[in-house]
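Structural description and commentary
The residues making up each chain are set out below.
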There are 2 protein chains.
Amino acid sequence: MPVPLTVPAAAPTRLGPEETAAIERAIGSVVANGPWIGGPAVEGFESDFASYLGAREVVGVGNGTDALALAFASLELPPGSGVLVAATEGGYAATAARQVGLEPIVMDVDPETLMPTVTTAEAALESSRSVPVSAVVVTHLHGDAVELSALDPWRRMRGLRLVEDCAQAAGLRVGGSHVGLTGDVATFSFYPTKNLGALGDGGALAFTDRDLAARTRVLAQYGWTERYRIGVPGGRNSRLDSLQAAILSARLPFLDTRNATRRAISARYRITLAPVARFYGDAETTIAHHAVAVGDSRDALADHLNARGIHTAHHYPFLDNEMPGLELSDSTPPPAANRLRDQSVSLPCFPELEGQEIDHVIAALEEWVDVRD
Amino acid sequence: MPVPLTVPAAAPTRLGPEETAAIERAIGSVVANGPWIGGPAVEGFESDFASYLGAREVVGVGNGTDALALAFASLELPPGSGVLVAATEGGYAATAARQVGLEPIVMDVDPETLMPTVTTAEAALESSRSVPVSAVVVTHLHGDAVELSALDPWRRMRGLRLVEDCAQAAGLRVGGSHVGLTGDVATFSFYPTKNLGALGDGGALAFTDRDLAARTRVLAQYGWTERYRIGVPGGRNSRLDSLQAAILSARLPFLDTRNATRRAISARYRITLAPVARFYGDAETTIAHHAVAVGDSRDALADHLNARGIHTAHHYPFLDNEMPGLELSDSTPPPAANRLRDQSVSLPCFPELEGQEIDHVIAALEEWVDVRD
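Residues numbered from 1 in each chain as written. Chains lettered and ligands numbered in written order. Predicted model: local features only at pLDDT ≥ 70, side-chain atom pairs only at ≥ 80, totals over all residues.

A look at the overall build of chain A
Here is the rule: The helix and strand labels rest on DSSP assignments: H or I over at least four residues marks a helix, E over at least two residues marks a strand, and numbering proceeds from the N terminus. When we talk radius of gyration, it's over C-alpha atoms, and the globule rule is simply 2.2 Å times the number of residues to the 0.38. Labels follow a simple rule on C-beta atoms placed from the backbone: if 20 or more others lie within 10 Å of a residue's own, it is buried; if 12 or fewer, it is exposed; otherwise it is partly exposed.
Each helix and strand counted, chain A has 11 helices and 14 strands in total. Over its C-alpha trace chain A gives a radius of gyration of 21 Å, about what one expects of a compact globule, namely 21 Å for 373 residues. Projected onto its principal axes, the C-alpha positions of chain A cover 70 × 55 × 35 Å. The buried share of chain A, reckoned over its 373 residues, is 54%.

Concerning the relation of the copies chain B and chain A
One copy of the chain maps onto the second through a rotation around an axis plus a translation along that axis. For clarity, the cut-off: Fitting of the copies onto one another was done by least squares over C-alpha atoms, counting residues only where both copies have pLDDT of at least 70.
Here chain B sits on chain A after a turn of 180° about the axis and a move of 0.0 Å along it, with an RMSD of 0.0 Å. The operation mapping one copy onto its partner corresponds to a two-fold rotation axis.

Quick notes on the interface of chain B and chain A
Convention followed: With C-beta atoms placed from the backbone, a contact is any residue pair whose C-beta atoms sit within 7 Å. Put simply, Ala, Val, Leu, Ile, Met, Phe, Trp, Tyr, Cys and Pro go in the nonpolar bin, Asp, Glu, Lys and Arg in the charged bin, and everything else, Gly too, in the polar bin.
Contact residues are listed per partner, giving 46 residues for chain B and 45 residues for chain A. Going through the elements one at a time, α1 (17–33), α3 (64–74), α4 (92–99), β11 (229–230) and α8 (242–251) of chain B are the ones with two or more residues in the side of chain B that touches chain A. A per-class count over the side of chain B that touches chain A returns 20 nonpolar, 17 polar and nine charged.

Some points on the domain arrangement of chain A
Residues and elements named next belong to chain A. Here is the rule we go by: An automatic or database domain assignment supplies the residue ranges for each domain.
As far as domains go, chain A holds domain 1 (17–249) and domain 2 (253–372). In this structure, domain 1 and domain 2 have C-alpha centres spaced 24 Å apart. Listed per partner, the contact involves 32 residues of domain 1 and 30 residues of domain 2. Listing elements by their share of the side of domain 1 that touches domain 2, those giving two or more residues are α4 (92–99), β3 (103–107) and β6 (173–174). A total of three residues in the side of domain 1 that touches domain 2 trace back to one element, the largest contributor, which is α4. Its residues assigned to classes, the side of domain 1 that touches domain 2 shows 15 nonpolar, nine polar and eight charged.

Overview of the sheet that holds strand β14 (residues 344–347) of chain A
Residues and elements named next belong to chain A. Rules: One requirement defines pairing of two strands: DSSP has to find at least two bridges between them. A fitted line through C-alpha atoms serves as each axis, taken over the contacting stretch for helices, and the angle formed by two N-to-C directions is quoted from 0 to 180°.
Reading across the sheet, the three strands line up as β12-β13-β14 and stay open at both edges, with antiparallel pairing between neighbours. The open sheet terminates on both sides in strands that have one partner only, identified here as β12 (278–279) and β14. Strand direction decides the pairing type here: β12 and strand β13 (residues 291–294), joined by two bridges, are antiparallel. Following the sheet pairing, Arg 278 is matched in β13 by Val 294. Where helix α8 (residues 242–273) meets the sheet, it contacts β12, β13 and β14, and its direction lies at approximately 10° from that of β13.

Structural notes on the nonpolar core
Just so we agree on the cut-off: By convention the nonpolar core is taken to be a set of buried residues drawn from Ala, Val, Leu, Ile, Met, Phe, Trp, Tyr and Cys and joined through C-beta atoms within 7 Å.
By size, the foremost hydrophobic cluster in this structure holds 246 residues, and its most contacted members are Phe72(A), Leu84(A), Leu205(A), Phe72(B), Leu84(B) and Leu205(B). Among the elements that line this core, the one with the most residues is α8(A), at nine residues.

Here's the deal with the sheet that holds strand β14 (residues 344–347) of chain B
One open sheet accounts for three strands, arranged β12-β13-β14 (chain B); its pairing is antiparallel. In this open sheet, the two edge strands, each paired with only one partner strand, are β12 (278–279) and β14 of chain B.

Overview of the packing of helix α2 (residues 40–53) of chain B against α8(B)
For any two helices packed against each other, one specifies the inter-axial angle together with the distance between the axes. All names here are of chain B. Our working definition: Throughout this description, any angle smaller than 35 degrees is read as roughly parallel, any larger than 145 degrees as roughly antiparallel, any in the 65 to 115 degree range as roughly perpendicular, and the remainder as oblique. Handedness of a crossing follows from how the near helix is turned relative to the far one, being left-handed for an anticlockwise turn of less than a right angle and right-handed for a clockwise one.
At a closest axis distance of 8 Å, the pairing of α2 and α8 adopts a crossing angle of 40°. Looking at the two axes, α2 sits oblique to α8. Handedness of the crossing formed by α2 with α8: left-handed. Contact residues: α2 offers Ala 41, Val 42, Gly 44, Phe 45 and Asp 48, while α8 offers Ser 242, Ala 245, Ala 246, Leu 248 and Ser 249. Grouping the constituent residues of the contact of α2 with α8 by class yields six nonpolar, three polar and one charged.

Quick notes on helix α5 (residues 118–127) of chain B
All names here are of chain B. We apply this condition: To be clear, the arc concerns the directions from the helix axis to the C-beta atoms.
Taken together, the buried positions of α5 are Thr 120, Ala 121, Ala 124 and Leu 125. Seen from one end, α5 has its buried residues packed into an arc of 140°, which puts them on one side. Summarising the contacts, the buried residues of α5 are in contact with β2 (82–86), β3 (103–107), β4 (133–139) and α6 (151–157).

A closer look at the pairing of β13(A)
Strand direction decides the pairing type here: β13(A) and β14(A), joined by four bridges, are antiparallel. When the bridges of β14(A) are listed, Ala291(A) appears paired with Leu347(A).

Structure below.
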């Protein structure tokens, strides 16, 4: 009897030999030569990633949540003002807002696109009469783009700043352009499981406005306007390690190919599950950070897969409204996000999945569809 | 003619072959096996470092400033209350206090011990009538201990919590015990030049109280009380990378020997400069994170050394009061700290200095004393 196949939900250490060799070279160079904070490795990655994105400037920081908090701080939003965040965003933007004294205001998502829209944003704005709203965060969740062609003009009309959370969207292009350049600032996370992952924590902000980038650099290092002198308020210490920067530069050339592999895996899942479930985003553009199937009987599908050794995940099991630590005025989940949360299951989707693992998942999904259809 | 000798102020990449090999083994293991966030490497270091310190528990975090902010947050100090910090502390504790909505209140230092005392702390407390003070931070600056035998009972009498900033004091023992265990919490930085340095940013908190440690763990990871659920307010993302944790465990066995070497170098400086300058702390216990000579004609001494290829530094060129970003109510530097700032120069002092480099510094100091004495 064959050993039952186990398929992990994620496996960040499982990398191809070429990418592993590039990472090891990058580490070896920084370990031997330094510097271990800042210096050419960080400057090099900031430059490499800005070129890749088509951004004017990139600032490396400690992690993606710090990137969000620094985005808010550098935009100098009025103290206590509101920031619109999608209920489905996992709490990252909301907790970053709280860190810098801002009030998260929750948007529902559209039941069709599964993302916030002008309608849901406008409703959230209306609900927040007592708190003036100063900004909106769009989270390009799971590697799928929030549609901005209507949202961006709307937020401009409303006088709101726009932060694009691209933590799950490194490499995501819509109409040939990388996401993140429509808003005032884009934020990235390089958590190891991310499409572009470090071997530890890391993050970045991308800008088209160099002044905003310069302000962020100051805020990310204590508010120092010169070495050892805190010249502006609101600073913290949040730096991208030189080691991680060198690793990210080494991994960046592999990103588009790896994203294409994710897209291909997700396409097979989409086609197979089409009779019973749909997926976030667009099969043509997605970079499938997560392959989230959305449909009824989510728990039964997860059980079915788990029983066959296929690990699944849930991104995310709690809406922002359901997180007491965010201290939101309204703990009632908005209806579409509430339903979506109960319908979502993340299937194994990363570029180093082996052919037989993918086949095993596909077979299990086909079996499921046969039973349910 | 011999090439003039240049002596750097610090050289964190210059490590002995045995320590380098240990670091490379640690990196190789984490790179190959993961996990790259949390896991055995982080747990192992937390356990190793707690044993080394004699603490009940250690929590690894992203950097030393985050450690201070998390210390304040986990102590649940009243919002807006005051935190006493020494004017000489470099602004790290003050900026951390500001991050969590607390008001830094500046203490002067004693002109003899160069550190805060009951007298300077009491004066700062008196000066802060409009803001209730909830805590005091003692910074064991330059690798020298703040004397706590009177300060600790005083702060208890005043109902203040005590945070010991040990960023520059890893390995510092007084009366056989490691500093940091008198207060409610001790904070550490593993910035590469620190006595125990990572190859990037890193920090930790050490506790005798397990409940406080548990609260800190929650606050250091978004306020999650379970995965993906922000259960308590005030969270951020601040983790010690597994890579850095493994490196720190590899370096910890070298710490006491390296500190003894620092102490021996600083002892030679102390003896040589005795006629014209004094040093922080105690020659017997110091771990000489910096070897700070304090005396008149500081600029002339620095010029004298720099002209001989000997790099010097200034820790720190600005007092907390002189940092506009801290938004202190009083920007007047307290008198003893003000004088000390103008008298201080940091001499090259790290364990990997070569014998001829130390001899070169000593010769230059002797020359200086001959001229000045």
